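Residue-level structure breakdown
Here are the chains, one letter per residue:
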Amino acid sequence: MPVRLALKVDADTDQGTRLGVPNLVADCAEFGAPACFLFSLGPDQTGRALSRVFRPGFFRKVSRTSVVQIYGVRTLLNGTLLPAPHVGRRNEGALRAVAAAGFEIGIHCYNHYRWQDHLAGMDLAAVRAEFGAARKEFVRIFGTEASTAGAAGWQSTALSREVYDEARLLYSSDSRGTHPFFPRLAGKVYRTLEIPSTLPTLDELMGRPEYPDAALAGHLVSLLRPDRLNVFTLHAEIEGLGRRAIFRELLGRCRAAGVQFVRMDDAAMEALNHRDSVPVCDQVMAPVDGRSGLVATQGAEHGG
């Protein structure tokens, strides 16, 4: 059985959408690798994320990953000293070009800062409004409803799961885990299939003495497993810009090793065609090595 790998691209910022996304489209097309591009569609208020300084692990991550170098001063001031650019309106041509090139597209969020930093405190009406704004902008740009979403910062709650079910998504990709599942929170099972990211992200590895840049692509390939769908989440701001060479090396190593690239939506349809075989698992908030704060993770499996 060939090793299978699905690529999921999170575009968090105006700069990443404008500059990084076209680079990743070109690289994936060159290597024949499908990818699912998830877009932030509203105001880019990245600068307000500096409030995360109080989260455990934030300073360690900042010191390792050179945040200013990755995002640039302009992006880090968006929504604070500088106006927040509206990502969808400023970049609709670039977004449509991704769909025209044949790549899968979906929703990352409306306001990345608001979802990642404040979802846990939102009531159902607020979650509906936030995701509804993303859905409305997606329809305006692409002329169709989104069939998938992947939450900003892997932040997911029972209320966001309810809103996903209301949107009748084909699947979501909000969590970290090992295999597709139906999420269970507070005893309730939600019907939107979850396909978790299985591999560490580049920013969780960058800057560590044991993982110099020259070793990152090889390390990621070494983590691929033949007994599961491997899912790698990359970022337009990182692999699409300053660490583009690492991503290209990863694509080249995968091609040389015979890795089979698969579309996320195809993997979802394959799982849903055997719905009764998809497990129900708890979704729990837990730490992930290399990331600050808590993220949605795949927990214990249940009988249904």
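Here, the structure is the one placed above.
The notes below deal with the structure included here. (Residues numbered from 1 in each chain as written. Predicted model: local features only at pLDDT ≥ 70, side-chain atom pairs only at ≥ 80, totals over all residues. Heavy atoms only, no water.)

This part takes up the nonpolar core. Counting residues in hydrophobic clusters, the biggest one holds 58 residues, and the most contacted among them are Leu5, Leu7, Phe37, Phe39 and Phe131. No other element matches the six residues that helix 7 (residues 124-142) contributes to this core. Contact partners of Phe37, with chain neighbours within four places excluded, come to Val9, Val21, Leu24, Val25, Val98, Phe103, Glu104, Ile105 and Gly106. Leu38, Val231, Val262 and Met264 belong to the second-largest nonpolar core, a separate cluster that totals 16 residues. (Core = buried A, V, L, I, M, F, W, Y, C linked by side-chain atoms within 4.5 Å. Buried < 20%, exposed > 50% of the residue type's maximum accessible area, 1.4 Å probe, protein only. Helix = DSSP H or I, 4+ residues; strand = E, 2+ residues; numbered from the N terminus. Contact = heavy atoms within 4.5 Å.)

Computed from the structure, the second largest pocket encloses a volume of approximately 320 Å³. What lines the second largest pocket is a set of 14 residues, and nearest its centre among them are Arg4, Pro180, Glu270, Ala271 and Val278. Looking at the lining of the second largest pocket residue by residue, the class counts come to six nonpolar, four polar and four charged. (1 Å grid on protein atoms, 1.4 Å probe; cavity = no way out; pocket = protein on both sides within 12 Å on 5 of 7 lines; lining within 4 Å. Points joined across faces, edges and corners; volume = space filled by probe spheres on them. Nonpolar A, V, L, I, M, F, W, Y, C, P; charged D, E, K, R; others polar.)

Once that is clear, we can look at the sheet that holds strand 6 (residues 182-185). Reading across from one edge, 7-6-11-12 is the order of the four strands in this open sheet, with mixed pairing throughout. Across the chains shown, the open sheet's two edge strands, defined by having one partner strand only, are strand 7 (188-189) and strand 12 (295-302). (Pairing = 2+ DSSP bridges.)

Right, let's get into helix 13 (residues 264-272). Turning to helix 13, its buried residues are Met264, Asp265, Ala267, Ala268 and Ala271. Here the buried residues of helix 13 occupy an arc of 160° about the axis, which is enough to place them on one side. Of the surrounding elements, those touching the buried residues of helix 13 are strand 1 (4-11), strand 2 (36-40), strand 3 (104-109), strand 5 (171-172), strand 8 (193-194) and strand 9 (229-235). (Arc of directions from axis to C-beta.)

Further remarks concern the pattern of salt bridges. Under the criterion given, the structure shown has 24 salt bridges. Among the salt bridges present, the one from Glu30 reaches Arg248, with a minimum N-O distance of 2.9 Å. Taken together, the residues span a long stretch of sequence, with Glu30 in helix 1 (residues 14-31) and Arg248 in helix 12 (residues 244-256) at a distance of 218 residues. With a closest N to O distance of 3.0 Å, Arg161 and Glu194 form a salt bridge. With Arg161 in helix 8 (residues 158-167) and Glu194 in strand 8, this residue pair connects regions lying 33 residues apart in the sequence. Comparing Arg161 with Glu194 shows no difference in burial state: the two are buried. (Salt bridge = Lys/Arg side-chain N within 4 Å of Asp/Glu carboxyl O.)

Attention now moves to the packing of helix 10 (residues 213-222) against helix 12. Interhelical geometry of helix 10 versus helix 12 gives an angle of 35° and a closest axis separation of 9 Å. Once helix 10 is placed against helix 12, the crossing between them reads as right-handed. For the pair helix 10 and helix 12, the contacting residues are Asp213, Ala214, Leu216, Ala217, Gly218, Leu220 and Val221 in the first and Ile246, Glu249, Leu250, Arg253 and Cys254 in the second. Each residue belonging to the contact of helix 10 with helix 12 can be placed in one class, and the counts come to eight nonpolar, one polar and three charged. (Axes fitted to C-alpha atoms, helices over the stretch in contact; angles between N-to-C directions. Left-handed = near helix turned anticlockwise from the far one by under 90°.)

This part is about the side chain of Ser173. With respect to the helices and strands, the residue Ser173 is situated in the loop between strand 5 and strand 6. Given a relative accessible area of 1%, Ser173 falls into the buried group. Separated by 2.6 Å, the side chain of Ser173 and the backbone oxygen of Ile195 make a polar contact. If sequence neighbours within four positions are ignored, Ser173 has contacts with Lys8, Ala149, Gly150, Ala151, Glu194, Ile195, Pro196, Ser197 and Met264. (Polar contact = N/O pair within 3.5 Å; in protein donor to acceptor, adjacent residues only side chain to side chain.)

Its place among the elements puts Gln45 in the loop between strand 2 and helix 2 (58-65). Look at Gln45 and you get buried, because its relative accessible area is 12%.

We now examine helix 10. For helix 10, every residue scored as buried is listed here: Leu216, Ala217, His219 and Leu220. For helix 10, the buried positions fall inside an angular range of 165° around the axis, keeping them on one side. With respect to the buried face of helix 10, the exposed residues turned more than 90 degrees away are Ala214 and Ser222. The elements touched by buried residues of helix 10 are helix 9 (202-205), strand 9 and helix 12.

This brings us to the packing of aromatic side chains. Within the structure shown, the criterion is met by five aromatic pairs. Taking the centre distance of 6.2 Å and the plane angle of 20° together, the rings of Phe39 and Phe142 count as stacked. Of the two residues, Phe39 sits in strand 2 while Phe142 sits in helix 7, which places them 103 residues apart along the sequence. Among the residues examined, Phe142 registers a relative accessible area of 17% and is labelled buried. Both rings, one in Trp115 and one in Phe131, keep their centres 6.5 Å apart while their planes meet at 55°; by these two values the pair is tilted. Highlighted residues: Trp115 in helix 6 (residues 112-118) and Phe131 in helix 7, separated in sequence by 16 residues. Each member of the pair, Trp115 together with Phe131, is buried. (Phe/Tyr/Trp six-rings, centres within 6.5 Å; stacked < 30°, edge-to-face > 60°.)

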